[in-house]
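Observations on chain architecture
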Amino acid sequence: MLASYKYIFIVALTLVQAPSLTNASLADRGRLVKFRKENTSASNTINSRVYGTKTRPNGNRNRNMPIEGPKYRGKQRWDAEASNQMKSQSQNIGKLRSVTSDTVDVTNLNEEEFGRHLGSQLTGCCSTYSNYSADNMCYKYGENCATGEEPSHDSGDEDCEMEGLSFIGVSFSVNTANGNPYSFQLCDQFYMENIIDRDYNFVMSMDEDGWLVGGGYKSFDYSGKMPYIDSSHTELLRIGSLDPEYGGTTIEQVYSAMSSVTFSPFSIYPEYVKGGGGGGSQDSDDDEVPSGDITLIVSVVEEFEDNANYSLYEQFLDSIFNAMDAVNGGSCMDDHDTDPHVSMSRGVKFKSSYHEEQYFYKVNLEVAVWQTMYPSGVVIGSNSKAAFPPGSRSSKSYVGYGNLYFFFDRANITKAFNPNRDLYNSESYYSSLSSNDVSAFYAKTTTIDFDYSGSGSNDNNQYYEHNPYAWNAAMAKHDMTDGWDLPPNCNQEGETFLGIPLSQTSGSKLQSTSTFQNQFDFEPLVDRNYTYMQSFGTNHGWLIGETLNNGPGSIVDKDTSHIPLFYTGTTNVDMGGMSLSNLIKVVKNINFGTLYIKPAFIFQDEDGAVKLQFEADSTSALGYLYDNLCKMVGLSWNYDSPYNDNGLYTNCAMHAAGDRASYGCGPDNSNVGGFCPQMTLAYAVGFQSEDHAAAFFDMGNNYVDYWRSLYPSGVAVGADGFCPDGGCLGLFLN
């Protein structure tokens, strides 16, 4: 049985039924109504790029009021009344900045500003647009529910209707003290931990998977990265889809073909570490640091037998292609070998061009040491034991050297294929060299003799530096396949967040997880049969849970359905974050009403992710909760600072203290803040055509229309084993 070692820790922040005084406040509805009716010259010119030009329409349609930046401050200068009010408030809040509740007399604080009664708050939500269909809601939210992206490339064979990620390759997986304890030790030769930046000395952020090499991640990591095992590898042959109905090749066909092929142990030579390519999601612009991938380039050493015209590796490739043809392999398999490389991380953002330069120098100096140790390459392997696939109950056996592996997906090796001979003495010497004292190699390797210039993500070699003060509240709506842009005084990214869990248990033990709600079945929203879609742009498939032996070879994840509400960032206090225990203390002090949610429509966002949008009702309990999370643990930003009775704060939340639900997405909000309840169904989905995309979204939104009729005022989700009364909040480590 395949396994994906991924854990989602959820702490139920139980609903407080009885009203009680807390340290947050209700929204001032009078000010909100006044703002909506505002028609002063200041409000008309606040967003204008040309002085005195009226760009803000009257009425309720466009409330694009900024919550930070020069235009925010300028508004206060233009409107004397608001400026005086801001001054009065900042004098009170300023006394609380950077101090704990132990040193502040909270008995004299204004109850209207720091207290609220929400236990008896009206339930339900989203009544304004009860008669609107999903298509109409899509239009109201400014999205397009009739188009989708097509894949940028495919296998090149028209008979292949499903792109896939399964492959045969070499593994560089290591088991390290700082990594996932379930990672395989399959490579004793390369110290992969030495070429990653686990301590964030150079890197600012990465995509949600983090480092794919160097040992993987533990179940609990300050960064909140997915706790996958090490998946280091280089592909030699892309098998692609495993579904023969769509041009794929079955696992049994792969095994049969490989059983008829013999091969000698191949030596691998480390070339250099490079950056660039990939990354660059739509949440980046020219003012932000570049985003790219980090890759270790390797090569297969070409060895020739006497009087042979082709190398042993070329002979192997010729044999494996012939063997695949003999078992009637599918058309989705590549018709050429893959350029050997090891993907290390994706969506990487460095702190500055200087940090990028220092990182690539450091890791390429490590590669230079490996080249000194293995001047003619080295056969990869290990003296350890392992059992495949991950999680197998079979007894572990000796790994050995020179194996090739079949990867169902990058995180799941299902079978090892042994070479046709043992190592020669010279090969054995180098393959076991790392078990000895290698300090002399490090001592004598002080320079890099190969050219790795131009290998950074900064292709133009221009100076750049992350400006944390360019952060804005809208960055909370983030593409998880790319790195974060961090706010001031935050030195480590973090994926920890507060949200609503929507996952359900699966019949497969592989995907075992608790059921957190029984109100929605999201299965009708996905396209497992590839009726409409053609490929995923990442190793992840459907995030509501992937099936065992899925055709495209996507990582077999369990159901992780959720609505992220508030990203709290890293739990590493030393890097500017808030510890997990302190976060729980603060959030438990919020008395929030039952959280109701209501689906609005499904669509594909500008980053290619297929999402289910929920109505962003800023007057609902969910909106009030967001407001008070911002007030209590949001970032100190412009004139606003957070306050809570515990005196516990973070520099790494992705929401400003002054942000409010009314600044979020939706027709009734101003679309400049971080409040936008969405559930991601899949990343980077490529459809077969525009017509197929339109049909997919039409099908999905028919189901959304059913839910909208079933729950006209929304629904408080829950299950017997989690929040049986419905409407709870979950704390996710990742």
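Residues numbered from 1 in each chain as written. Predicted model: local features only at pLDDT ≥ 70, side-chain atom pairs only at ≥ 80, totals over all residues. Heavy atoms only, no water.

For the chain, the count of helices and strands is 14 helices and 20 strands. Scored against the burial criterion, the 734 residues of the chain give a buried share of 59%. Sequence-distant contacts in the chain: of pairs separated by 6 or more residues, those separated by 24 or more amount to 76%. Accessible surface, the chain: about 30,600 Å² in total, of which carbon and sulfur atoms supply 45%. (Helix = DSSP H or I, 4+ residues; strand = E, 2+ residues; numbered from the N terminus. Buried < 20%, exposed > 50% of the residue type's maximum accessible area, 1.4 Å probe, protein only. Contact = heavy atoms within 4.5 Å. Areas by Shrake-Rupley, 256 points an atom, 1.4 Å probe, with all protein chains shown as cover.)

Moving on to the state of the cysteines. By definition, a disulfide links the sulfur atoms of two cysteine residues through a covalent bond. Tallying each qualifying case throughout the model produces five disulfides. One disulfide bridge connects Cys138 with Cys145, the sulfur atoms lying 2.1 Å from each other. Disulfide Cys138-Cys145: the torsion about the S-S bond is 105 degrees, which places it as right-handed. Comparing Cys138 with Cys145, the two get one shared label, buried. A sulfur-sulfur separation of 2.1 Å characterises the disulfide bridge that pairs Cys723 with Cys728. Around the S-S axis, the bridge from Cys723 to Cys728 shows a dihedral of about 85 degrees and counts as right-handed. (Disulfide = S-S within 2.5 Å.)

This brings us to the sheet that holds strand S3 (residues 203-205). Across a sheet, paired strands are connected by hydrogen bonds in the backbone, their directions being either parallel or antiparallel. With respect to topology, five strands assemble into an open sheet ordered S3-S7-S6-S5-S8, the strand pairing being antiparallel. Where the open sheet ends on each side, the last strands, each with one partner, are S3 and strand S8 (378-379). As judged from the five bridges shared by strand S6 (residues 292-300) and strand S7 (residues 341-350), these two strands associate in the antiparallel manner. Across the sheet, Ile294 pairs through a bridge with Ser345, a residue of S7. Each of strand S5 (267-276), S6 and S7 touches helix H9 (residues 353-373); the most contacted strand, S5, lies at about 175 degrees to it. (Pairing = 2+ DSSP bridges. Axes fitted to C-alpha atoms, helices over the stretch in contact; angles between N-to-C directions.)

A few words on the environment of Ile602. Examined against the element boundaries, Ile602 turns out to sit in strand S16 (residues 599-604). Excluding its chain neighbours within four sequence positions, the residues that come into contact with Ile602 are Cys145, Leu525, Lys611, Leu612, Phe696, Phe697, Gly700, Asn701 and Val704.

Here we come to the pairing of strand S12 (residues 412-417). Bridge count between strand S11 (residues 404-409) and S12: five bridges; the pairing is antiparallel. The residue bridging Phe406 from the neighbouring strand is Lys415, located in S12. Joining the antiparallel neighbours S11 and S12 is a turn of two residues.

Here we come to helix H12 (residues 580-588). Helical periodicity: at 3.6 residues per turn, an α-helix aligns residues three or four positions apart in one direction. Those residues of H12 not exposed but buried are Asn582, Leu583, Val586 and Val587. Around the axis of H12, the buried residues are gathered within 130 degrees of arc, so they sit on the same side. (Arc of directions from axis to C-beta.)

A few words on helix H13 (residues 621-633). Between its terminal C-alpha atoms H13 stretches 18 Å, which fits the 18 Å expected from 13 residues at 1.5 Å a residue. Taken across its 13 residues, H13 has 13 buried, putting it largely inside the fold. (Expected span 1.5 Å × (residues − 1).)

One open sheet accounts for three strands, arranged S16-S17-S18; its pairing is antiparallel. Only two strands of the sheet have a single neighbouring strand rather than two, namely S16 and strand S18 (678-682). The average undirected angle you get between the axes of adjacent strands in this sheet is 20 degrees. Here strand S17 (residues 610-614) runs beside S18; their pairing, made up of four bridges, is antiparallel. Counterpart to Gln613 in the pairing with S18 is Gln678.

Within the fold, Thr295 resides in strand S6. Leave out the neighbours within four places in its chain, and Thr295 touches Tyr272, Val273, Lys274, His341, Val342, Ser343 and Met344.

Let us look at the pattern of salt bridges. What the rule picks out here adds up to 10 salt bridges. Here Lys225 and Glu493 are joined by a salt bridge, their closest N and O atoms 3.0 Å apart. Linking Lys225 in the loop between S3 and strand S4 (233-240) with Glu493 in the loop between helix H11 (439-444) and strand S13 (497-501), this pair joins segments that are 268 residues apart in sequence. For the pair Lys225 and Glu493, one class covers both residues: buried. (Salt bridge = Lys/Arg side-chain N within 4 Å of Asp/Glu carboxyl O.)

Locating Tyr255 in the fold gives a position in helix H7 (residues 251-259). On the basis of relative accessible area, Tyr255 is assigned to the partly exposed category, the value being 24%. Counting along the chain gives 72 residues from Tyr255 to Val327, while the straight-line C-alpha distance between them is 9.9 Å. Not counting the four nearest positions on each side in its chain, Tyr255 is found in contact with Phe406, Thr414, Lys415 and Phe417.

Ranked by size, the top nonpolar core spans 158 residues in total, and within it Phe190, Met192, Leu296, Met344 and Tyr359 carry the most contacts. Phe167, Phe184, Tyr405 and Phe407 belong to the second-largest nonpolar core, a separate cluster that totals nine residues. (Core = buried A, V, L, I, M, F, W, Y, C linked by side-chain atoms within 4.5 Å.)

With 77% of its residues at a pLDDT of at least 70, the chain reaches an overall mean of 80. Low confidence marks residues 1-11, where pLDDT is under 50. Its contacts with residues over four positions away, or in another chain, come to 58 contacts. Low pLDDT (under 50) marks residues 280-284, which in the prediction has 15 contacts with non-local residues, meaning those over four places away or in another chain. (pLDDT = per-residue confidence, 0-100.)

One can find Ser205 in strand S3. Only 2.6 Å separates the side chain of Ser205 from the backbone oxygen of Trp484, close enough to count as a polar contact. Discounting residues that sit within four places of it in the chain, Ser205 has contacts with Gly347, Val348, Lys349, Gly483, Trp484 and Glu493. (Polar contact = N/O pair within 3.5 Å; in protein donor to acceptor, adjacent residues only side chain to side chain.)

Attention now moves to unusual backbone geometry. Along the chain, Phe388 connects to Pro389 via a cis peptide bond; the corresponding omega equals -5 degrees. Although it is not a glycine, Ala684 adopts a positive phi angle of roughly 45 degrees. By the secondary structure assignment, Ala684 is in the loop between S18 and strand S19 (685-687). Residue classification places Ala684 among the partly exposed residues on the basis of a relative accessible area of 23%. In this structure, Cys723 is a non-glycine residue whose phi angle is positive, near 55 degrees. Structurally, the position occupied by Cys723 is in the loop between helix H14 (690-710) and strand S20 (729-732).

What follows is about the environment of Tyr310. Secondary-structure assignment places Tyr310 in the loop between S6 and helix H8 (312-326). Of the residues examined, Tyr310 reaches a relative accessible area of 56% and is grouped as exposed. In contact with Tyr310, not counting residues within four places along its chain, are Phe304 and Gln315.

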